[in-house]
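# Coordinate inspection notes
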Amino acid sequence: MNTADQYLKAIYLAQRIEDGPASTGTLADMLEISPASVNEMIGKLEERGLVEHEKYKGASLTSEGIERAHDSLQTYCIIERFLANVLEVEEFRDEARALESVIDDTVAERLDTIIDRPSECPDCFDPERDFCEHLEVGPDGCAD
Amino acid sequence: MSLGQRVSSDHQLTRLLQIGVVLEEVVESRAAHHLDSLPPAERTAIDEEIRELLTEAAEESADHRERLEALIEDLEAETVAYEEINALVDAQYGPPEDTDGVLYDQLANEETAYKFYDDLIDAVEASDAEFAIDRDRLLETLYEIREEEKEGVEEVAEIMEHRA
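Residues numbered from 1 in each chain as written. Chains lettered and ligands numbered in written order. Predicted model: local features only at pLDDT ≥ 70, side-chain atom pairs only at ≥ 80, totals over all residues.

An unreviewed UniProt entry lists chain B under the name Rubrerythrin, with Natronorubrum texcoconense as the source organism.

Per an unreviewed UniProt entry, the recorded name for chain A is Mn-dependent transcriptional regulator, DtxR family, and the organism is Natronorubrum texcoconense.

Now the structure itself:
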């Protein structure tokens, strides 16, 4: 997943958490980068028609941006579910975050042929807990 | 979330190699399933060329898997057994409608594998991390496998072209 798609996914999730535009601060925390870098990228995404930015409020995805963010989140869900259910990785959330930039969408599509993913994916992704609400995990949020 | 494509630790490298093994197992298993799934009439009529392609693809994937497993073993980790992945393929498998569908799937297999190794090589080359296995040996293995995947893509594309 490329950097732009990771940003779009983060904006999509931040908008769901904040129930409104995604603030620079929230995005900087989610992406673990400086607010200046976030603003720079938001500007680029705005030029490409994927994001609308309102000063002092934050960033909102356009319909094209939502579509791409949806695809990126689905790729991310595949990676998480694959790690948790096939490789049986306990810390699947941390590892999915570390691996998402190296796993291409086409690779995720192939991995998807061996996992059992709910049809409503990625709408069932819980942005607060950072994984699919249907994924069976232990009380500590780790895979069983 | 981690921005930027690079492999920064043995742990991450191991995980990516394990994913490579699973991808090879998926290719191997799907190729075997394709041969079994074709209706009997088509199975006998299926070109010798395609039968050979699927058999070779399965053999090549098994070979790639073994080479990746050797690296993973030196990183002191384990891989998912072929039988487990074969069972998962079996549970989700929807056979392609016809021979063209089989070829498209095979093309997707080879292209995906090529893309995976290409990205992995970039991510290793972009990193200055010291791995527990020799970096030259790691890259050499990945270059060789990527080259074979590239040849695989060309082979399938060629068959598809002269069938069109």
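## Focus on the overall build of chain A
Defined as follows: Per the convention used, a helix needs a DSSP run of H or I reaching at least four residues, while a strand needs a run of E reaching at least two, with both numbered from the N terminus. Atoms considered for the radius of gyration are the C-alpha atoms alone. The globule rule reads 2.2 Å times the number of residues to the power 0.38. Exposure is read from a count of other C-beta atoms within 10 Å of each residue's own; the residue is exposed at 12 or fewer, buried at 20 or more and partly exposed in between. C-beta atoms are placed from the backbone. Working definition of a contact: two residues with C-beta atoms, positioned from the backbone, lying within 7 Å.
For chain A, the count of helices and strands is six helices and four strands. Going residue by residue from the N terminus, the α and β elements of chain A occur as α-α-α-β-β-α-α-α-β-β. Computed over C-alpha atoms, the radius of gyration of chain A comes to 15 Å, within 12% of the 15 Å expected from 2.2 N^0.38 for 144 residues, which places it in the range of a compact globule. In terms of its C-alpha atoms, chain A occupies a principal-axis envelope of roughly 45 × 30 × 25 Å. In chain A, buried positions account for 44% of the 144 residues. A separation threshold of at least 6 residues defines the contact pool for chain A, and within that pool the share at least 24 residues apart is 56%.

## A few points about the overall build of chain B
Scanning chain B from terminus to terminus reveals six helices and zero strands. The order of helices and strands in chain B, counted from the N terminus, is α-α-α-α-α-α. Against the compact-globule benchmark of 15 Å for 164 residues, chain B has a radius of gyration of 17 Å, which places it among compact chains. Dimensions along the principal axes, computed over C-alpha positions, put chain B at roughly 55 × 30 × 30 Å. Taking all 164 residues of chain B together, 32% fall into the buried category. By sequence separation, contacts in chain B at least 24 residues apart represent 87% of the contacts at least 6 residues apart.

## Quick look at the domain arrangement of chain A
Residues and elements named next belong to chain A. What counts here: Each domain's extent is set by a domain assignment, obtained either automatically or from a database. Residue classes follow a fixed rule: Ala, Val, Leu, Ile, Met, Phe, Trp, Tyr, Cys and Pro count as nonpolar, while Asp, Glu, Lys and Arg count as charged, and any other residue, Gly among them, counts as polar.
Its domain assignment divides chain A into domain 1 (3-66) and domain 2 (70-132). In this assembly, nine residues from domain 1 lie in contact with eight residues from domain 2. Broken down by element, the residue count for the side of domain 1 that touches domain 2 peaks at eight residues, all from helix H1 (residues 3-18). For the side of domain 1 that touches domain 2, a count of residues per class yields five nonpolar, one polar and three charged.

## Examining the interface of chain A and chain B
With 21 residues of chain A at the interface, the matching set in chain B holds 24 residues. Listing elements by their share of the side of chain A that touches chain B, those giving two or more residues are H1, helix H2 (24-31), helix H5 (92-99) and helix H6 (105-111) of chain A. With four residues, H5 of chain A is the single largest residue contributor to the side of chain A that touches chain B.

## Observations regarding H1 of chain A
Residue and element names in this part refer to chain A. Quick reminder of the rule: The length a helix should cover is 1.5 Å for every residue beyond the first.
With 16 residues, H1 extends 22 Å from end C-alpha to end C-alpha; this agrees with the ideal 22 Å at 1.5 Å per step. Within the span of H1, buried status applies to Asp5, Gln6, Tyr7, Leu8, Lys9, Ala10, Ile11, Tyr12, Leu13, Ala14 and Gln15. Each element contacted by the buried residues of H1 is listed here: H2, helix H3 (35-47), strand S1 (51-54), strand S2 (58-61) and helix H4 (63-85). At the C-terminal side of H1, Asp19 shows a positive phi close to 55 degrees.

## With respect to the UniProt feature "domain: HTH dtxR-type" (unreviewed entry) in chain A
Let me state the cut-off plainly: UniProt positions are given in the numbering used here, feature names are shortened, and annotations may be inferred rather than shown by experiment.
The positions UniProt marks with the feature "domain: HTH dtxR-type" (unreviewed entry) are residues 1-62 of chain A. Secondary structure content for residues 1-62 of chain A is 60% helix and 13% strand, while the C-alpha to C-alpha distance between its ends is 20 Å.

## As for the nonpolar core
Rules: What makes a nonpolar core is a set of buried Ala, Val, Leu, Ile, Met, Phe, Trp, Tyr and Cys residues, with links drawn between C-beta atoms within 7 Å.
Core analysis: the biggest nonpolar cluster contains 69 residues, and Ala10, Ile11, Leu27 and Ile79 of chain A together with Leu23 and Leu120 of chain B have the highest contact counts within it. If one sorts the elements of this core by residue count, helix H1 (residues 10-37) of chain B sits on top with 10 residues. Residues from two domains meet in this core; each of domain 1 (3-66) and domain 2 (70-132) of chain A gives at least three.

## Describing the confidence of the model for chain B
Should pLDDT be low for a region, the predicted coordinates there are not to be read in detail. To be explicit about the condition: The predictor's confidence in any single residue is recorded as pLDDT, a number from 0 to 100.
In this model, chain B carries an average pLDDT of 89, and 96% of its residues clear a pLDDT of 70 or more. If you check the scores for this complex, the pTM reads 0.88 and the ipTM reads 0.86.

## Observations concerning unusual backbone geometry
Residues and elements named next belong to chain A. Put simply, Cys121 and Pro122 share a cis peptide bond, and its omega is 10 degrees. Relative to the assigned elements, Pro122 resides in the loop between H6 and strand S3 (125-126). Look at Asp19: it is not a glycine, yet its phi comes out positive at around 55 degrees. Considering the arrangement of structural elements, one finds Asp19 in the loop between H1 and H2. Residue class for Asp19 comes out exposed when judged on the 6 C-beta atoms lying within 10 Å of it.

## Points about the packing of H1 of chain B against helix H3 (residues 48-74) of chain B
For any two helices packed against each other, one specifies the inter-axial angle together with the distance between the axes. All names here are of chain B. Selection criterion: Comment: axis = line fitted to C-alpha atoms, over the contacting stretch for helices; angle = value between 0 and 180 degrees taken between N-to-C directions. Any angle from 65 to 115 degrees is called roughly perpendicular, while one under 35 is roughly parallel, one over 145 is roughly antiparallel, and all others are oblique. Note: crossing handedness is left-handed where the near helix turns anticlockwise from the far helix by less than a right angle, and right-handed where it turns clockwise.
In contact at an axis separation of 9 Å, H1 and H3 are set at 160 degrees when each is read in the N-to-C sense. When the axis of H1 is compared with that of H3, the two are roughly antiparallel. Handedness of the H1/H3 crossing: left-handed. Looking at side-chain class alone, the contact of H1 with H3 contains 13 nonpolar, six polar and five charged residues.

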